[in-house]
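Observations on chain architecture
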Amino acid sequence: MWQEGVEQAANIMMMCRIRDTNGNSSQCRPVTLCQNRYRTRIHCFGWRAHGATAFCEPRVTGWERWSLGLRDEYYEMINSDECVPIGHSVNANIATLNGMMVHESAEEAMRRGIEGFKFFGYSLAHYAVCGAHRPGRTKLWRRFQAIKDDIKDTADSGSIGRPQIVCDHLISYAHVCIDQMIFIQQCGVNKREHICEARELFADEVMPALKERQNERVRRKQEELEPYKEAALARKPLMPALRETDIPNIEAMDIVLGRRTCKDYASAGGTFEYPTRAGAIPIVSRETCAKAASID
């Protein structure tokens, strides 16, 4: 069901490109699937040519061998004749996520960032695995405060620390073929100024070293995958272009009700009888609307 929904949403975005006020049309963005059952779904990621978001930790024993094996399976599916993109592009990338808070002091970075990242993990467990709550009444933060010191395992928190430590940690992900990193910063009661400071320090002292390696890696990868991307997109069946005559003209509520009742709905006490709706929102007159009706 989810595959059909994603595919049709991508079709709609391609068929009905919405233009902004400058006349630029929107494009169908690359599709990425977030899935905690990464080990069992990797074939699906590659088969439908969308990006994969994995929950993974390169410091875990044996993870590198496992990751490289799944990477090979992922790209084998993208390069195979069975690959048919779910969207209108081939997004051959593997992503993961980390808690992130950078500071010159490792202790201060942990003080600022680790509690919020622990709350993120607790929230996932509560809503997806083992929690129950009364909507609008249960105070999840209060529950977390009672058990936060029991949470000893803080996997994926390696991007919380000093700039050089964070840089080395992220390079270790690149070594096991992770293409993209999603940072979790906004959970819990993290302060905005701390988040901004961390991002500035990351941009100044961490990102330059990562970009040096990334540019060449991306270029080489694109060259290797380009013929397979073209072949995959050629196998995707395309829907016919949307004809102008297929687009219905949607009328305002008062017009429809007026037609149903065979009378002028506004003069009979309709929704928009009063031009300003009690002064809250000014509504233009029907005569003014009629002047603009012929303009697309």
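Residues numbered from 1 in each chain as written. Predicted model: local features only at pLDDT ≥ 70, side-chain atom pairs only at ≥ 80, totals over all residues. Heavy atoms only, no water.

Right, let's talk about the side chain of S80 for a bit. Within the fold, S80 resides in the loop between α3 (63-78) and β3 (94-102). A polar contact of 2.8 Å, which involves the side chain of S80, links it to the backbone oxygen of M77. (Helix = DSSP H or I, 4+ residues; strand = E, 2+ residues; numbered from the N terminus. Polar contact = N/O pair within 3.5 Å; in protein donor to acceptor, adjacent residues only side chain to side chain.)

It is worth spelling out the pattern of salt bridges at this point. Applying the stated rule across the entire model yields 12 salt bridges. Of the charged contacts, one joins E108 and R112 as a salt bridge, the two residues approaching to 2.9 Å between their closest N and O atoms. Of this pair, E108 and R112 both sit in helix α4 (residues 106-130), 4 residues apart, which is roughly one turn of that helix. As far as burial versus exposure is concerned, E108 and R112 are alike and both buried. We note a salt bridge from D179 to K221, for which the minimum N-O separation is 3.0 Å. Taken together, the residues span a long stretch of sequence, with D179 in the loop between α6 (163-175) and β5 (180-184) and K221 in helix α8 (residues 207-235) at a distance of 42 residues. Residues D179 and K221 agree in their burial class; the two are buried. (Salt bridge = Lys/Arg side-chain N within 4 Å of Asp/Glu carboxyl O. Buried < 20%, exposed > 50% of the residue type's maximum accessible area, 1.4 Å probe, protein only.)

Attention now goes to α4. Bending of α4 peaks at approximately 40° at the position of G113. Taken residue by residue, α4 has E108, A109, R112, G113, I114, G116, F117, F119, F120, Y122, S123 and H126 as its buried positions. Looking at the buried side of α4, the elements it contacts are β3, α5 (140-147), β4 (159-161), β5 and α7 (192-205). (Bend = angle between axes of the 7 residues up to and from the residue. Contact = heavy atoms within 4.5 Å.)

On the surface, E104, E200, D204 and E205 cluster together into a patch of negative charge. Following the sequence through the fold, E104 ends up in the loop between β3 and α4. Taking the relative accessible area as the measure of exposure, E104 reaches 46% and is therefore partly exposed. (Patch = residues over 30% accessible without salt bridge, like charges linked within 9 Å, V, L, I, M, F, W, Y side chains within 5 Å. Areas by Shrake-Rupley, 256 points an atom, 1.4 Å probe, with all protein chains shown as cover. Lys, Arg positive; Asp, Glu negative; His and termini not counted. Charge placed at Lys NZ, Arg CZ, Asp CG, Glu CD.)

The side-chain alternation of strand β2 (residues 51-54) yields two buried faces, one formed by G51 and T53 and the other by A52 and A54. Where strand β1 (residues 32-34) meets β2, 3 bridges bridge the pair, whose relative direction is parallel. Directly across from C34, in β2, lies its bridge partner T53. Bridging between β2 and β3 involves 3 bridges; their strand directions are parallel. Its bridge partner being in β3, A52 is matched across the sheet by I94. (Pairing = 2+ DSSP bridges.)

What characterises a pair of aromatic rings is the spacing of the ring centres plus the angle enclosed by the ring planes. Per the stated rule, a full pass over the model turns up 8 aromatic pairs. Centroid distance Y122 to F144: 5.9 Å. Interplanar angle 35°. Geometry classified as tilted. With a gap of 22 residues between them, Y122 in helix α4 and F144 in helix α5 connect regions that are remote in the sequence. Side by side, Y122 and F144 carry an identical accessibility label, which is buried. Through pairs of rings, three or more aromatic residues link up here, namely F119, Y122, W141 and F144. (Phe/Tyr/Trp six-rings, centres within 6.5 Å; stacked < 30°, edge-to-face > 60°.)

Structural remark: α-helix, 3.6 residues per turn; residues separated by three or four positions point the same way. Here α6 is 13 residues long and its end C-alpha atoms lie 19 Å apart, about the 18 Å a rise of 1.5 Å per residue gives. Listed as buried for α6 are P163, V166, C167, H169, L170, I171 and Y173. C177 sits one or two positions beyond α6 and adopts a positive phi of about 70°. (Expected span 1.5 Å × (residues − 1).)

Relative to the elements of secondary structure, S159 occurs in strand β4. Apart from residues no more than four positions distant in its own chain, S159 is found in contact with N98, G99, M100, M101, V102, V166, H169, L170 and F183.

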